[in-house]
Amino acid sequence: MRVIEARELTKVYGRGENRVEALTGMNMNVEPGEWIAIMGPSGSGKSTLMNLIGLLDRPTSGSYTLNGRDVSRLRGSELARARRDLIGFVFQSYNLLPRESALGNVELPMVYAGVGRKERRKRALGLLETVGLAERAHHRPPELSGGQMQRVAIARALVNGPALLLADEPTGNLDTVSGAEILDLFEELNASGVTVVVVTHDAEVAARTQRVVELRDGRIVADEPSEVV
Amino acid sequence: MGKMLRIAGMGLSGLMVNRGRSALSMLGIVIGVFAVILLTSLGNGVQEAITGKLTGVGSNLLLISPGNSEAQGDGPLAARSASTLTREDVEKVRSLPTVAAASASVPTAALAGTKTIPMTGVDPSYAQIRSVDLATGRFVEHSGEVVLETAVAKDLLKSGPKDAVGQTLKIRGKGYEVVGVLEVVEPAFGPPVPETSYMNTDDALALSGAGNVGQIVAEARSAGSVDRAAKEVGARLKSAHGGREDFNVETQKDLLSVFTLVTDLLTILLGGIASISLLVGGIGIMNIMLVSVAERTREIGVRKAIGATDTDVLFQFLFEALLLTLIGGLAGIGLGVGVSALLPEINPIIPTSVTGTSIVLAFGVSALVGLVFGVLPAYRSARLEPVEALRRE
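The model shown is predicted, which means the values in this text are computed figures rather than measured ones. (Residues numbered from 1 in each chain as written. Chains lettered and ligands numbered in written order. Predicted model: local features only at pLDDT ≥ 70, side-chain atom pairs only at ≥ 80, totals over all residues.)

A.B. asks: Honestly, the overall build of chain B in this entry has me stumped. Any pointers?
C.D. replies: Across its full length, chain B holds 15 helices and 10 strands. In summary, chain B has a C-alpha radius of gyration of 34 Å against a globular reference of 21 Å for 393 residues, an excess of more than 25%. In terms of its C-alpha atoms, chain B occupies a principal-axis envelope of roughly 105 × 50 × 40 Å. The burial tally for chain B puts 42% of its 393 residues in the buried class. Within chain B, contacts between residues separated by at least 24 positions form 82% of all contacts whose residues are at least 6 apart in sequence. (Helix = DSSP H or I, 4+ residues; strand = E, 2+ residues; numbered from the N terminus. Rg over C-alpha atoms; globule rule 2.2 N^0.38 Å. Buried ≥ 20, exposed ≤ 12 C-beta atoms within 10 Å, placed from the backbone. Contact = placed C-beta atoms within 7 Å.)

A.B. asks: When you look at the pairing of strand β1 (residues 4-13) of chain A in this model, what are you seeing that I'm missing?
C.D. replies: The side chains of a regular strand alternate between the sheet's two faces. Residue and element names in this part refer to chain A. The sheet contact formed by β1 and strand β2 (residues 20-30) spans 7 bridges and is antiparallel. Across the sheet, the residue bridging to Ile4 is Val30, located in β2. Counting the residues between successive antiparallel strands, the hairpin from β1 to β2 contains 6 residues, one of them, Gly14, with a positive phi of roughly 70 degrees. In this sheet, strand β4 (residues 61-66) lies alongside β1 in antiparallel orientation, the contact comprising 5 bridges. Bridging across to β4, Glu5 finds its partner in Thr65. (Pairing = 2+ DSSP bridges.)

A.B. asks: What should I look at first to understand the domain arrangement of chain B in this one?
C.D. replies: Where the parts come together, the accessible area they lose is often given as the size of the interface. Splitting chain B by domain gives domain 1 (2-54 + 258-391) and domain 2 (68-245). Relative to domain 2 of chain B, the C-alpha centre of domain 1 of chain B lies at a distance of 57 Å. (Domains from an automatic or database assignment.)

A.B. asks: Please explain the pairing of strand β9 (residues 215-220) of chain B as it appears in this structure.
C.D. replies: All names here are of chain B. Extensive coverage of β9 is indicated by the burial of 6 of its 6 residues. In β9, alternate side chains face the same way, and those of Gln215, Val217 and Glu219 on one face and Ile216, Ala218 and Ala220 on the other are all buried. Strand direction decides the pairing type here: strand β1 (residues 61-66) and β9, joined by 4 bridges, are antiparallel. The residue bridging Leu62 from the neighbouring strand is Ala218, located in β9. Pairing of strand β2 (residues 99-112) with β9 involves 6 bridges; the strand directions are antiparallel. Bridging from a neighbouring strand, Val99 pairs with Ala220 of β9.

A.B. asks: Any chance you could explain the interface of chain B and chain A here in plain terms?
C.D. replies: In this complex, chain B contributes 18 residues to the contact, which on the side of chain A involves 22 residues. Of all the elements in the fold, those that place two or more residues in the side of chain B that touches chain A are α1 (2-17), α12 (297-305), α13 (310-346) and α15 (386-391) of chain B. With 5 residues, the single largest contributor to the side of chain B that touches chain A is α1(B). Class assignment for the residues of the side of chain B that touches chain A results in 7 nonpolar, 5 polar and 6 charged. (Nonpolar A, V, L, I, M, F, W, Y, C, P; charged D, E, K, R; others polar.)

A.B. asks: How should the environment of B:Lys92 be read in this particular structure?
C.D. replies: All names here are of chain B. Note on placement: Lys92 falls in helix α5 (residues 87-95). In this structure the C-alpha to C-alpha distance between Lys92 and Val233, which are 141 residues apart in sequence, comes to 8.4 Å. Leaving out residues up to four positions away in the same chain, Lys92 has contacts with Arg236, Leu237 and Ala240.

A.B. asks: Got a minute to help me understand the packing of α1(B) against α13(B) in this structure?
C.D. replies: Packed helices, taken two at a time, are described by their axes: the angle between them and the distance between them. All names here are of chain B. Remark: α1 packs on α13, axes separated minimally by 8 Å, with the N-to-C direction vectors making an angle of 55 degrees. With respect to α13, the element α1 is oriented oblique. Every pair of crossing elements has a handedness; the one defined by α1 and α13 is right-handed. Along its contact with α1, which presents Met4, Ile7, Ala8, Met10, Gly11, Leu12, Gly14 and Leu15, the element α13 presents Asp312, Phe315, Gln316, Phe319, Glu320, Leu323 and Leu324. In terms of residue class, the contact of α1 with α13 is made up of 10 nonpolar, 3 polar and 2 charged. (Axes fitted to C-alpha atoms, helices over the stretch in contact; angles between N-to-C directions. Parallel < 35°, antiparallel > 145°, perpendicular 65-115°, else oblique. Left-handed = near helix turned anticlockwise from the far one by under 90°.)

A.B. asks: Any chance you could explain the sheet that holds β2(A) here in plain terms?
C.D. replies: In any sheet, the strands associate via hydrogen bonds between backbone groups, in a parallel or an antiparallel arrangement. The strand order β2-β1-β4-β5 (chain A) describes an open sheet built from 4 strands, whose pairing is antiparallel. Every other strand in the sheet has two partners, leaving β2 and β5 (69-70) of chain A as the edge strands with one partner each.

A.B. asks: Can you walk me through the confidence of the model for chain B in this structure?
C.D. replies: The predicted coordinates of low-pLDDT regions are not to be read in fine detail. Residue and element names in this part refer to chain B. Confidence along chain B averages 84 in pLDDT terms, with 91% of residues attaining 70 or more. This stretch, residues 69-81, has a pLDDT under 50; its non-local contacts, to residues over four places away or in other chains, come to 7 contacts. Across the interface, the model reports ipTM at 0.93; the global pTM reads 0.71. (pLDDT = per-residue confidence, 0-100.)

A.B. asks: Got a minute to help me understand the environment of A:Val111 in this structure?
C.D. replies: Along the chain, A:Val111 falls in helix α3 (residues 102-113). A tally of 23 C-beta atoms within 10 Å means that A:Val111 is categorised as buried. C-alpha separation for the pair A:Val111 and A:Ser226, spaced 115 residues apart in sequence, amounts to 38 Å. Residues within four places of A:Val111 in sequence aside, it is in contact with B:Lys3 and B:Arg6.

Below you can see the structure in the form of structure tokens.
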């Protein structure tokens, strides 16, 4: 079973004169355990693709099968539930809730999934340990460094056991050292079987992955193992 | 359930973010609920004071007075014409099975020495019907006896209540034996207990020269049979008066219901005025919640991205508004109950009475205000598109 199977995925914004085709007839497969970078300059449609893959937005046409389930026609709460259960998001600006502790932030997706308090605590602490922040569990985001916040965000993304870890410029706000550490962490997670898709315009980030998909003007222009890039 | 509780907790922590602002917007609800509680408490207090005094007078009471709105149609003189009630009418009322006792009531004035004192001629059963309290002695039972007011006894006989009994009072040259002295009557609501001394009906009729009695007072067998008694009295007297209804039969219930109606309206009016401030408070809550949703657009986007459904977000903000109004409501109830308890301490004339109903109602209304004015902001937050919300700074 493939993690992602996208067929003729198209996204159109606006109508009439304002009509913009952000993504045109895109086909893409992602197998379990892959580590992929989606690259492209701004305006290439990579944000649109990420929103579609991440179930934040719905395609205008085409089909999208995530983990064997056709999710392209889901709306509202069904979409939110699929997102909760199948996708783990990592954002460029971390997007942690500043008033919740690291632990609280990691527990949040499980709250929405209806996981019990004890189980929540256990899983969240386990994942904070995996990302190397066990002793910072009760710190709030403002008390953490950028790299640490991104680790909390990664722990949060993994906590509901998603089919796909989807990262949007995950090292964009980090210095080189912290950025490299985050990429190390992705590599470790990928080695343990997590499927990772990174959206980036940074060639160095792409070089760390196994496969690079390149977008331009809403179409895939290259899809090759990363050594070739 | 655990999930809902946790989401409610998120609502609470949302309030804590901006404590000062939350407290200020809550103040509108506090004042609104406080006003509702206090003003309805005043309304209820007035009502209880009035009905309490009224029922104390005797709820079995029937008052039969001459004159009727119908009679006014007969000309200007008809209404104020001499009493149409006779001694025979008293007997007829008394003979009815639903009537326990009846007495005439003949108002007159007695000239004793150089002073004129208000005097009412009554039958012996009057004392029982109107619950006349005596300081000493007994009530008038026979002709030639009088019962005096305390003040009159002191004034005319220069003696205290005890010494007055047994003395003789000369009225228009005729001697009357003082057989009792009245207790000082406290001013009360309801049909006024006349400040008067009492003598026998026949003596009063003779003294005043009037042919008819001024009023008939009667007592129904029980509080439950008052209405039936009133109907029977009406029918009996109407037939005795040749089919003319030239009299009025009043019961305490009529009076009570008029007062209750007035005070109910008063309470509703006061509560209504106070509700306007509650409404204003609710609009304040809506305003602050809209600001809060706008400020936290990105947070909402994040929550949705990590799996919150529209309903989850809706509930979070609805809980937040609800908590604002409920906490405000409780504070307002506390304040209202406190001030209601304090007011009579400051000035005993102010009657207040906080009823359980008004507390439950105030609490319910503040919850409703939270729901109604929280729905729009909460709905707006729930409908935010995650992509849009995440883009916001």
